[in-house]
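# Observations on chain architecture
Listed below are the residues making up each chain.
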Amino acid sequence: QVQLVESGGGLVQPGGSLRLSCAAAGSIFPTYTMGWYRQTPGKQRELVASINSLGSTNYGNSVKGRFTISGDNAKNTVYLQMNSLKPEDTAVYYCHRAQLIYDYWGQGTQVTVSS
């Protein structure tokens, strides 16, 4: 089993920044993909950004150029730096880790962008 502990959500004004962190613990396998998805009521969960154990990244179209994902393999932690936040970025953000044939999810952290 793998546990994912998220932190860093909150309330921010439009144009502001937030940094999310997700630390993985438990049965860690060195080859993985980790990332963030987000979901709003009535909509499907969508990919925000992901990074794999080789450092390759992938971003959702709506966040390209504004969000940056990075990872620290030694700490089993990924970070999502979110800049130029917009009201439409408001959602519950979920950390995700895929390793071997398994998928793991965090409990989610609320990000609200509002003035």
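That block above? That's the structure.
This section reports on the structure supplied with the text.

What counts, and at which threshold
- Residues numbered from 1 in each chain as written.
- Predicted model: local features only at pLDDT ≥ 70, side-chain atom pairs only at ≥ 80, totals over all residues.
- Heavy atoms only, no water.
- Disulfide = S-S within 2.5 Å.
- Helix = DSSP H or I, 4+ residues; strand = E, 2+ residues; numbered from the N terminus.
- Buried < 20%, exposed > 50% of the residue type's maximum accessible area, 1.4 Å probe, protein only.
- Salt bridge = Lys/Arg side-chain N within 4 Å of Asp/Glu carboxyl O.

### Brief notes about the state of the cysteines
Disulfide: a covalent bond connecting the sulfur atoms of a pair of cysteines. Applying the stated criterion to the full structure yields 1 disulfide. Across the disulfide, Cys22 is cross-linked to Cys95 (sulfur-sulfur distance 1.9 Å). Here Cys22 and Cys95 share a disulfide; its torsion about the S-S bond, -85 degrees, makes the bridge left-handed. Residue Cys22 is found in strand 3 (residues 18–26), and its partner Cys95 is found in strand 9 (residues 91–99); the two are separated by 73 residues along the sequence. Accessibility assignment for this pair places Cys22 and Cys95 in one class, buried.

### Topic: the pattern of salt bridges
Enumeration over the complete set of coordinates arrives at 3 salt bridges. Close ionic contact of Arg38 with Asp89 constitutes a salt bridge, the shortest N to O distance being 2.9 Å. In this pair, Arg38 sits in strand 4 (residues 33–39) while Asp89 sits in the loop between strand 8 (77–82) and strand 9, placing the two residues 51 residues apart along the sequence. The class of Arg38 is buried, set by a relative accessible area of 5%. Assessed through its relative accessible area of 0%, Asp89 is described here as buried. Residues Arg66 and Asp89 are paired through a salt bridge, measuring 2.7 Å at the closest nitrogen-oxygen approach. Taken together, the positions of Arg66 in the loop between strand 6 (57–59) and strand 7 (67–72) and Asp89 in the loop between strand 8 and strand 9 put the pair 23 residues apart, joining distant regions of the chain. Across the pair, Asp89 and Arg66 agree in class, each one buried. By sharing partners, the salt bridges in this structure join Arg38, Glu46, Arg66 and Asp89 into a single network.

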